[in-house]
Amino acid sequence: MFKRIFLIVLDGFGIGSTEDADRFGDTGSNTLKHITDNVEYNLNTMEKLGFLNLIGNNNQTKYSLYSKLKPKNLEKDSLNGHYEMMGIVLDEPFKTYPNGFPLELISKIKEISGRDVIGNTVASGTEIIKELGEMQRKTGSLIVYTSADSVLQIAADEKIIPLEELYRICERVKEIVSISPYNIGRVIARPYIFENGIYTRTPNRHDYTVDPPLNVLDLLSCNEYKTIGIGKIADLFNNRGVTDSIKTKNNLDCLMKLIDFSKGSFNGLCFANLNDFDSKYGHRRDKENYLKALEEFNYYLPIFLKNLKQDDLAIFTSDHGNDPTFKGTDHTRENTPLIVFSPSIMNSRRIGDRDTFADIGATILDNFGISNPLKYGTSFMNEIKKEE
């Protein structure tokens, strides 16, 4: 039915805590509601698409199908969120390390890298760099830390440890931690620079993940459809099933690339991640600048939408919440939006809530006439076809 599908993930953009949020200590979180509470904002295009309807605000929804997605995966991180969109729900989640990593693993990292390790704690990336950055620069050590997610992050000053070396270390660490007994989902290289007394993380982040199980990207690519990953998509899927990988520096860069692809021609899926909402504002509990980032997204959104043709479909969603008004610095267990737009959709309405993110992937396969062998996901293409 549609020649091109754009799947756009607003990373860390929830619309209210899930039924099981108490298991994560996240009851009461609501990223979008708390960002927009008691402040003036201009999200007029997002309102027309139905985003604000999903948190109970009355607005001028005009041209979309909108709904709520409930996560079926057992965690609240990017890897599991994106996996689920593509039809993967892991029966056994990756391990987390709330007390830091085992000393035997730290010893292996030292042996692999030939460098000392400092940190080894649960921390905000920006805060631990401020705390240990000077020591790292003086000693040439690696700053190792984790979060509530199954992730091992390694930070280093680009001028002290060259990117190529940092990447090589992370690649080798991934080979160790992705298997038993560690079973860690991701290793992330977190380079930064120190200039004028300020520590700044650079755009040269790199995620190293295990090969995912069979998923929607595999099925699309093996049927000779384009699968374009913008941002960290290829990293999350270890480049599996991604025919074209496009790196981005920030949200604005991602939006410009989305607009470029909307003007071009391809047959398949363009899968993009807008990471700044999560990494720059959610984790840092920066409500004011999170809202500004949403307003920036809202400003460029009409340019993207105007380039879409009758046989194009855009799906907007998220992988988890990251309420900047909530306690701590971690992701929040929330439901996510499902916004479906095409110039061929003439009547805006709310469709039934979906029980899994995997319904997105099932709908994409349904659109391209590909049989779905995956365990999870039910297509909502019939709701879209009602517009015919």
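Here, the structure is the one placed above.
Remember, predicted model here, so these are calculated numbers, not experimental data.

What counts as what
Residues numbered from 1 in each chain as written. Predicted model: local features only at pLDDT ≥ 70, side-chain atom pairs only at ≥ 80, totals over all residues. Heavy atoms only, no water. Pairing = 2+ DSSP bridges. Helix = DSSP H or I, 4+ residues; strand = E, 2+ residues; numbered from the N terminus. Right-handed = clockwise from strand over helix to strand, strands pointing away. Buried < 20%, exposed > 50% of the residue type's maximum accessible area, 1.4 Å probe, protein only. Axes fitted to C-alpha atoms, helices over the stretch in contact; angles between N-to-C directions. Parallel < 35°, antiparallel > 145°, perpendicular 65-115°, else oblique. Contact = heavy atoms within 4.5 Å. Nonpolar A, V, L, I, M, F, W, Y, C, P; charged D, E, K, R; others polar. Polar contact = N/O pair within 3.5 Å; in protein donor to acceptor, adjacent residues only side chain to side chain. Phe/Tyr/Trp six-rings, centres within 6.5 Å; stacked < 30°, edge-to-face > 60°. Left-handed = near helix turned anticlockwise from the far one by under 90°. Expected span 1.5 Å × (residues − 1).

Draft legend 1. Broad picture of the pairing of strand E3 (residues 117-122). Where E3 and strand E4 (residues 142-146) come together, five bridges link them in parallel fashion. Looking at E4, one finds that Val122 is bridged to Thr146. Crossover E3 to E4 through helix H5 (residues 125-139) is right-handed.

Draft legend 2. Highlighting the pairing of strand E13 (residues 336-341). Among the six residues in E13, six count as buried, and that is most of the element. Neither face of E13 is open: one carries Thr336, Leu338 and Val340, the other Pro337, Ile339 and Phe341, and all of them are buried. Where strand E2 (residues 65-69) and E13 come together, five bridges link them in antiparallel fashion. Along E13, the bridge assignment pairs Tyr66 with Ile339. Sheet analysis places strand E12 (residues 312-317) next to E13, joined by three bridges and oriented antiparallel. Within E13, the position partnered with Ala314 by the bridge is Phe341.

Draft legend 3. A look at the packing of helix H9 (residues 251-263) against helix H11 (residues 287-306). H11 packs onto H9 with a crossing angle of 10 degrees between their chain directions and a minimal axis gap of 10 Å. Between H9 and H11, the interaxial angle falls into the category roughly parallel. Contact with H9, carried on its side by Asn251, Leu252, Leu255, Met256, Leu258, Ile259 and Ser262, involves Glu296, Phe297, Tyr300, Ile303 and Phe304 of H11 and no other residues of that element. Across the contact of H9 with H11, the residue classes break down as nine nonpolar, two polar and one charged.

Draft legend 4. Examining the side chain of Ser141 more closely. With respect to the helices, strands and loops of the structure, Ser141 is situated in the loop between H5 and E4. By relative accessible area, which is 3% here, Ser141 ends up buried. Here the side chain of Ser141 touches Thr139 through a polar contact of 2.7 Å, side chain to side chain.

Draft legend 5. Geometry of the packing of aromatic side chains. Evaluation of the coordinates by the stated rule reveals 16 aromatic pairs. Relative to Phe271, the ring of Phe237 has its centre 6.3 Å away and its plane inclined at 50 degrees; by these criteria the two rings are tilted. Of this pair, Phe237 sits in the loop between helix H8 (233-236) and strand E10 (244-246) while Phe271 sits in strand E11 (residues 268-274), placing them 34 residues apart in sequence. For the ring pair Phe261 and Phe266, a centre distance of 6.4 Å and an interplane angle of 85 degrees mean the geometry is edge-to-face.

Draft legend 6. Unusual backbone geometry, seen in detail. Cis geometry marks the peptide bond from Ser180 to Pro181, where omega comes out at 10 degrees. The phi torsion at Asn120 lies on the positive side, around 50 degrees, for a residue other than glycine.

Draft legend 7. The side chain of Asn298, seen in detail. Its place among the elements puts Asn298 in helix H11. If sequence neighbours within four positions are ignored, Asn298 has contacts with Asn42, Leu43, Asn44, Thr45 and Met46.

Draft legend 8. Up close: the packing of helix H4 (residues 103-113) against helix H6 (residues 163-177). Running from N to C, H4 and H6 cross one another at 140 degrees; their axes reach a closest spacing of 10 Å. Considering the angle they form, H4 stands oblique to H6. Seen from above, H4 lies across H6 with right-handed handedness. Contacts between H4 and H6 pair Leu105, Lys108, Ile109, Ile112 and Ser113 from the former with Glu165, Ile169, Arg172, Val173, Ile176 and Val177 from the latter.

Draft legend 9. Structural detail: H9. Relative to the 18 Å expected for 13 residues at 1.5 Å per residue, H9 spans 19 Å between its end C-alpha atoms, a close match to the ideal helical length. Of all the positions in H9, only Asn251, Asp253, Cys254, Leu255, Leu258, Ile259 and Ser262 are classed as buried. Contact partners of the buried residues in H9: strand E1 (4-10), strand E9 (226-230), E11, helix H10 (276-282) and H11. Of the residues that open H9, the one with a side-chain oxygen 3.3 Å from the backbone nitrogen of Leu252 is Asn250.

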